[in-house]
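# Working through the structure, step by step
The primary structure of each chain is shown beneath.
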Amino acid sequence: MTKKRRNNGRAKHGRGHVKRVRCESSGVLVPKDKAIKRFIVRNIVDASAIRDIQDASVLEGYALPKIYRKVYYSVSAAIHSKVVRVRSVKDRRNRAPPPRYRPGGDRPQGPPGAPGAPGQQQQGGQAGQRAPGQQGPPRT
């Protein structure tokens, strides 16, 4: 019989049994290796009150503490709440993590002259342009 996933939807290789965890949204018990895991880092204070607290603070440069939380979702709850998406058979083979969203200036800065440093152009013309006669990826 054909297999839908390389790991059968679990990360339990060689283990007979895995403890269960509670789903964040539905509350169902899910095996820990099968659950969809997300690590959430949030400020304790919401964005609208941060400035008020910093203005009223006696200490200069005080960093407000954050909430660090690991949440688990069942597969059905994660799909329903759009934590993950259903992917085609071809796209399921792609195991690379999706590109991370980084707002404006949160990029790590390397030494000047390093790859990706600001103020440099890529070799072979401007970034984002193709050579004449070169086509894009095939459409499916």
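This one's a predicted model, so the numbers in the text were calculated from it and none came from an experiment.

### So, the overall build of the protein
- Per the secondary structure count, the protein includes three helices and four strands.
- Listing the helices and strands of the protein from first to last along the sequence gives β-β-β-α-β-α-α.
- Of the contacts formed within the protein by residues at least 6 apart in sequence, a portion of 55% connects residues at least 24 apart.
- Roughly 13100 Å² of accessible area belongs to the protein as shown, and the carbon and sulfur atoms make up 51% of that amount.

### Observations concerning the nonpolar core
- Within the largest apolar cluster, six residues are counted, these being V21, C23, V30, A35, Y72 and A77.
- Ignoring sequence-local partners within four residues, the contact set of A77 consists of C23, S25 and S26.

### Some words on the environment of V21
- Within the secondary structure layout, V21 lies in strand β1 (residues 20-22).
- Linking V21 and K32, residues eleven residues apart in sequence, is a C-alpha distance of 5.7 Å.
- If we ignore the near neighbours within four places in the chain, the residues touching V21 are V28, L29, V30, K32, A35 and Y72.

### What to know about the packing of aromatic side chains
- Overall, the coordinates contain one aromatic pair when judged by the stated rule.
- Ring centres 6.4 Å apart and planes at 25 degrees place the aromatic pair F39 and Y68 in the stacked group. Of the two residues, F39 sits in strand β3 (residues 36-43) while Y68 sits in strand β4 (residues 66-73), which places them 29 residues apart along the sequence.
- Under the relative-accessibility criterion, Y68 is labelled exposed at 56%.

### Some thoughts on the confidence of the model for the protein
- Residues at a pLDDT of 70 or more form 74% of the protein, whose mean pLDDT is 82.
- Across the protein, β1 holds the top mean pLDDT of 97, while helix α1 (residues 47-56) sits lowest at 86.

### Section: the layout of surface pockets
- Computed from the structure, the largest pocket encloses a volume of approximately 1600 Å³.
- Around the largest pocket, the lining is made up of 33 residues, and of these R5, V84, R87, R92 and N94 lie nearest the centre.
- Class assignment of the residues belonging to the lining of the largest pocket gives a composition of 14 nonpolar, four polar and 15 charged.

Rules and cut-offs
Residues numbered from 1 in each chain as written. Predicted model: local features only at pLDDT ≥ 70, side-chain atom pairs only at ≥ 80, totals over all residues. Heavy atoms only, no water. Helix = DSSP H or I, 4+ residues; strand = E, 2+ residues; numbered from the N terminus. Contact = heavy atoms within 4.5 Å. Areas by Shrake-Rupley, 256 points an atom, 1.4 Å probe, with all protein chains shown as cover. Core = buried A, V, L, I, M, F, W, Y, C linked by side-chain atoms within 4.5 Å. Buried < 20%, exposed > 50% of the residue type's maximum accessible area, 1.4 Å probe, protein only. Phe/Tyr/Trp six-rings, centres within 6.5 Å; stacked < 30°, edge-to-face > 60°. pLDDT = per-residue confidence, 0-100. 1 Å grid on protein atoms, 1.4 Å probe; cavity = no way out; pocket = protein on both sides within 12 Å on 5 of 7 lines; lining within 4 Å. Points joined across faces, edges and corners; volume = space filled by probe spheres on them. Nonpolar A, V, L, I, M, F, W, Y, C, P; charged D, E, K, R; others polar.

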